[in-house]
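For reference, the chains in residue letters:
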Amino acid sequence: MSIVSIVKVPDPLLNQKSQKVGEFTPEAKEIIQNLLDTVRQPNSGAAGLSAPQIGKLLRICVARRFIKNPNDPEKEITKEYVLVNPKIITASNEKRTHWEGCLSIPDTFGLVERPAKIKINAQDENGQEITIKSTGFFATVIQHEIDHLDGILFTSKVIGKTLNEKELDEMFAAVPVS
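Residues numbered from 1 in each chain as written. Predicted model: local features only at pLDDT ≥ 70, side-chain atom pairs only at ≥ 80, totals over all residues. Heavy atoms only, no water.

This part takes up helix H2 (residues 136-149). In an α-helix, one full turn covers 3.6 residues, which means residues spaced three or four apart are oriented alike. Its 14 residues place the ends of H2 21 Å apart at the C-alpha level, agreeing with the 20 Å of an ideal helix rising 1.5 Å per residue. With respect to burial, H2 is a largely interior element, twelve of its 14 residues being buried. Those residues of H2 lying buried are Phe138, Ala139, Thr140, Val141, Ile142, Gln143, His144, Glu145, Ile146, Asp147, His148 and Leu149. Once H2 ends, the next one or two residues include Gly151, with phi positive near 75°. (Helix = DSSP H or I, 4+ residues; strand = E, 2+ residues; numbered from the N terminus. Expected span 1.5 Å × (residues − 1). Buried < 20%, exposed > 50% of the residue type's maximum accessible area, 1.4 Å probe, protein only.)

Right, dumping it as C-alpha coordinates:
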(Lines give C-alpha, C1' and ligand atoms only; values in the text may rest on other atoms or scores of the structure.)
Protein backbone atom coordinates (compact mmCIF):
# COMPACT_ATOMS: atom_id res chain seq x y z
CA MET A 1 0.00 0.00 0.00
CA SER A 2 1.22 3.47 -0.69
CA ILE A 3 0.70 7.14 -1.30
CA VAL A 4 -0.62 7.51 -4.84
CA SER A 5 -0.80 10.40 -7.28
CA ILE A 6 -4.01 12.38 -7.66
CA VAL A 7 -5.91 12.44 -10.97
CA LYS A 8 -6.44 16.06 -12.00
CA VAL A 9 -8.71 17.94 -14.39
CA PRO A 10 -9.18 17.73 -17.31
CA ASP A 11 -8.91 13.91 -16.99
CA PRO A 12 -12.29 12.57 -18.22
CA LEU A 13 -12.21 9.83 -15.58
CA LEU A 14 -13.27 12.47 -13.01
CA ASN A 15 -16.58 12.93 -14.85
CA GLN A 16 -17.52 9.24 -14.88
CA LYS A 17 -19.85 7.49 -12.46
CA SER A 18 -18.21 4.88 -10.23
CA GLN A 19 -19.27 1.25 -9.96
CA LYS A 20 -20.73 -0.21 -6.77
CA VAL A 21 -18.38 -2.42 -4.76
CA GLY A 22 -19.83 -5.93 -4.57
CA GLU A 23 -17.13 -7.88 -2.82
CA PHE A 24 -14.30 -6.66 -0.65
CA THR A 25 -11.62 -8.06 -2.91
CA PRO A 26 -7.89 -7.56 -2.36
CA GLU A 27 -8.09 -4.78 -4.99
CA ALA A 28 -10.84 -2.96 -3.03
CA LYS A 29 -8.85 -3.30 0.19
CA GLU A 30 -5.74 -1.96 -1.56
CA ILE A 31 -7.71 1.05 -2.85
CA ILE A 32 -8.96 1.75 0.68
CA GLN A 33 -5.45 1.60 2.10
CA ASN A 34 -4.06 3.79 -0.71
CA LEU A 35 -6.77 6.39 -0.05
CA LEU A 36 -5.94 6.39 3.67
CA ASP A 37 -2.18 6.56 3.07
CA THR A 38 -2.63 9.43 0.62
CA VAL A 39 -4.88 11.60 2.85
CA ARG A 40 -2.67 10.93 5.88
CA GLN A 41 0.54 12.11 4.26
CA PRO A 42 1.93 15.25 5.91
CA ASN A 43 0.63 18.48 4.37
CA SER A 44 -1.82 16.64 2.11
CA GLY A 45 -4.42 19.33 2.74
CA ALA A 46 -7.07 16.65 2.19
CA ALA A 47 -10.43 16.71 3.93
CA GLY A 48 -11.39 13.70 1.86
CA LEU A 49 -10.46 11.61 -1.14
CA SER A 50 -12.35 9.33 -3.50
CA ALA A 51 -11.31 6.32 -5.57
CA PRO A 52 -11.85 8.18 -8.89
CA GLN A 53 -9.28 10.72 -7.72
CA ILE A 54 -6.69 7.95 -7.67
CA GLY A 55 -7.83 6.48 -10.97
CA LYS A 56 -10.26 3.79 -9.75
CA LEU A 57 -13.94 3.95 -10.68
CA LEU A 58 -15.28 2.26 -7.55
CA ARG A 59 -17.69 3.72 -4.96
CA ILE A 60 -15.08 4.11 -2.23
CA CYS A 61 -14.08 7.31 -0.48
CA VAL A 62 -12.53 8.61 2.72
CA ALA A 63 -14.00 11.58 4.59
CA ARG A 64 -12.08 13.23 7.41
CA ARG A 65 -13.72 14.70 10.48
CA PHE A 66 -11.83 17.43 12.32
CA ILE A 67 -12.65 18.15 15.97
CA LYS A 68 -10.96 20.35 18.54
CA ASN A 69 -8.63 18.48 20.87
CA PRO A 70 -10.15 18.85 24.36
CA ASN A 71 -6.66 18.66 25.88
CA ASP A 72 -5.19 21.28 23.56
CA PRO A 73 -7.73 23.67 21.93
CA GLU A 74 -5.04 24.90 19.52
CA LYS A 75 -4.90 21.46 17.88
CA GLU A 76 -7.40 19.26 16.08
CA ILE A 77 -8.05 15.56 16.21
CA THR A 78 -8.63 13.98 12.81
CA LYS A 79 -10.67 10.84 12.26
CA GLU A 80 -10.95 9.18 8.86
CA TYR A 81 -14.14 7.44 7.82
CA VAL A 82 -13.95 4.88 5.02
CA LEU A 83 -17.22 4.94 3.08
CA VAL A 84 -17.94 2.13 0.64
CA ASN A 85 -21.09 2.43 -1.50
CA PRO A 86 -22.23 5.53 0.43
CA LYS A 87 -25.74 6.78 -0.12
CA ILE A 88 -27.39 9.90 1.29
CA ILE A 89 -30.71 8.79 2.78
CA THR A 90 -31.83 12.10 4.27
CA ALA A 91 -30.74 15.70 3.82
CA SER A 92 -31.95 18.77 5.67
CA ASN A 93 -33.83 21.57 3.98
CA GLU A 94 -31.48 23.89 5.85
CA LYS A 95 -28.54 24.80 3.61
CA ARG A 96 -24.96 25.74 4.38
CA THR A 97 -22.62 27.65 2.09
CA HIS A 98 -18.93 26.81 2.41
CA TRP A 99 -15.74 27.46 0.48
CA GLU A 100 -14.59 24.25 -1.19
CA GLY A 101 -11.44 23.17 -2.95
CA CYS A 102 -10.29 19.87 -4.39
CA LEU A 103 -7.00 18.04 -4.81
CA SER A 104 -8.09 17.19 -8.37
CA ILE A 105 -8.62 20.87 -9.21
CA PRO A 106 -5.50 22.61 -7.87
CA ASP A 107 -5.56 26.27 -6.86
CA THR A 108 -9.33 26.60 -7.38
CA PHE A 109 -11.87 27.46 -4.69
CA GLY A 110 -15.55 28.30 -4.79
CA LEU A 111 -18.62 28.81 -2.63
CA VAL A 112 -20.96 25.81 -2.74
CA GLU A 113 -24.36 25.49 -1.11
CA ARG A 114 -25.24 22.06 0.28
CA PRO A 115 -27.62 20.60 2.86
CA ALA A 116 -26.37 21.49 6.36
CA LYS A 117 -27.19 18.04 7.77
CA ILE A 118 -27.20 14.63 6.15
CA LYS A 119 -27.63 10.99 7.07
CA ILE A 120 -25.88 8.34 5.02
CA ASN A 121 -25.75 4.58 4.82
CA ALA A 122 -22.49 2.96 3.72
CA GLN A 123 -20.16 0.10 4.48
CA ASP A 124 -16.91 0.52 6.38
CA GLU A 125 -13.53 -0.89 5.37
CA ASN A 126 -14.59 -4.32 6.68
CA GLY A 127 -17.89 -4.43 4.80
CA GLN A 128 -19.97 -3.69 7.91
CA GLU A 129 -23.09 -1.57 7.38
CA ILE A 130 -22.80 1.87 8.99
CA THR A 131 -25.04 4.90 9.33
CA ILE A 132 -23.53 8.33 9.86
CA LYS A 133 -25.34 11.55 10.74
CA SER A 134 -23.25 14.61 10.01
CA THR A 135 -23.47 18.37 10.15
CA GLY A 136 -21.36 21.36 9.22
CA PHE A 137 -18.02 20.91 7.51
CA PHE A 138 -18.05 17.11 7.92
CA ALA A 139 -21.39 16.95 6.04
CA THR A 140 -19.86 19.12 3.30
CA VAL A 141 -16.86 16.78 2.98
CA ILE A 142 -19.05 13.68 2.70
CA GLN A 143 -21.26 15.29 0.05
CA HIS A 144 -18.22 16.49 -1.92
CA GLU A 145 -16.77 12.95 -1.93
CA ILE A 146 -20.07 11.31 -2.89
CA ASP A 147 -20.28 13.80 -5.77
CA HIS A 148 -16.89 12.50 -6.97
CA LEU A 149 -18.32 8.97 -7.01
CA ASP A 150 -21.11 10.26 -9.25
CA GLY A 151 -18.69 12.04 -11.61
CA ILE A 152 -19.64 15.51 -10.33
CA LEU A 153 -17.00 18.14 -9.58
CA PHE A 154 -17.63 20.93 -7.07
CA THR A 155 -16.91 23.53 -9.75
CA SER A 156 -20.26 22.67 -11.39
CA LYS A 157 -22.01 23.82 -8.19
CA VAL A 158 -20.07 27.01 -7.45
CA ILE A 159 -22.09 30.11 -6.63
CA GLY A 160 -20.48 33.04 -8.42
CA LYS A 161 -16.92 32.73 -9.62
CA THR A 162 -14.02 30.57 -8.54
CA LEU A 163 -10.94 32.06 -6.89
CA ASN A 164 -7.32 30.96 -6.81
CA GLU A 165 -5.51 30.61 -3.47
CA LYS A 166 -4.00 34.11 -3.62
CA GLU A 167 -7.40 35.70 -4.31
CA LEU A 168 -9.01 33.67 -1.52
CA ASP A 169 -6.28 34.67 0.96
CA GLU A 170 -6.67 38.34 -0.01
CA MET A 171 -10.44 38.14 0.42
CA PHE A 172 -10.14 36.60 3.90
CA ALA A 173 -7.41 39.10 4.89
CA ALA A 174 -9.79 41.94 4.05
CA VAL A 175 -12.53 40.59 6.37
CA PRO A 176 -12.29 42.09 9.87
CA VAL A 177 -11.98 39.59 12.73
CA SER A 178 -14.76 39.95 15.28
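Here we take up the sheet that holds strand E3 (residues 72-91). Across the sheet, which stays open at both edges, the five strands sit in the order E1-E2-E3-E6-E7 with antiparallel pairing between neighbours. What marks the edges here is a single partner per strand, and that holds for strand E1 (48-50) and strand E7 (129-135). Strand-to-strand twist in this sheet, taken as the mean axis angle between neighbours without regard to direction, amounts to 30°. In this structure, E3 lies alongside strand E6 (residues 117-123), joined through five bridges in antiparallel fashion. Bridge assignment links Lys87 to a residue of E6, and that residue is Asn121. Its contacts with the sheet place H2 against E1, strand E2 (60-69), E3, E6 and E7, and it is angled at close to 170° to E2. (Pairing = 2+ DSSP bridges. Axes fitted to C-alpha atoms, helices over the stretch in contact; angles between N-to-C directions. Contact = heavy atoms within 4.5 Å.)

Okay, the packing of aromatic side chains next. Applying the stated rule across the entire model yields three aromatic pairs. With a centroid separation of 6.3 Å and an interplanar angle of 40°, the aromatic rings of Phe66 and Phe137 are classed as tilted. With Phe66 in strand E2 and Phe137 in helix H2, this residue pair connects regions lying 71 residues apart in the sequence. When its relative accessible area of 29% is taken as the criterion, Phe66 is described as partly exposed. Residue classification places Phe137 among the partly exposed positions, given a relative accessible area of 32%. Pairing Trp99 with Phe172 gives two aromatic rings, centres 6.3 Å apart and planes at 75°, and the pair type is edge-to-face. Here the residue Trp99 occupies a position in strand E4 (residues 95-102), and Phe172 occupies one in helix H3 (residues 165-173), the gap between them amounting to 73 residues. Relative accessible area serves as the criterion here: at 22%, Trp99 is assigned to the partly exposed category. Since its relative accessible area comes to 44%, Phe172 is described here as partly exposed. Directly above the aromatic system of Tyr81 lies the positively charged group of Lys79, at a separation of 4.8 Å from the ring centroid. (Phe/Tyr/Trp six-rings, centres within 6.5 Å; stacked < 30°, edge-to-face > 60°. Lys NZ or Arg CZ within 6 Å of the ring centre and 35° of its normal.)

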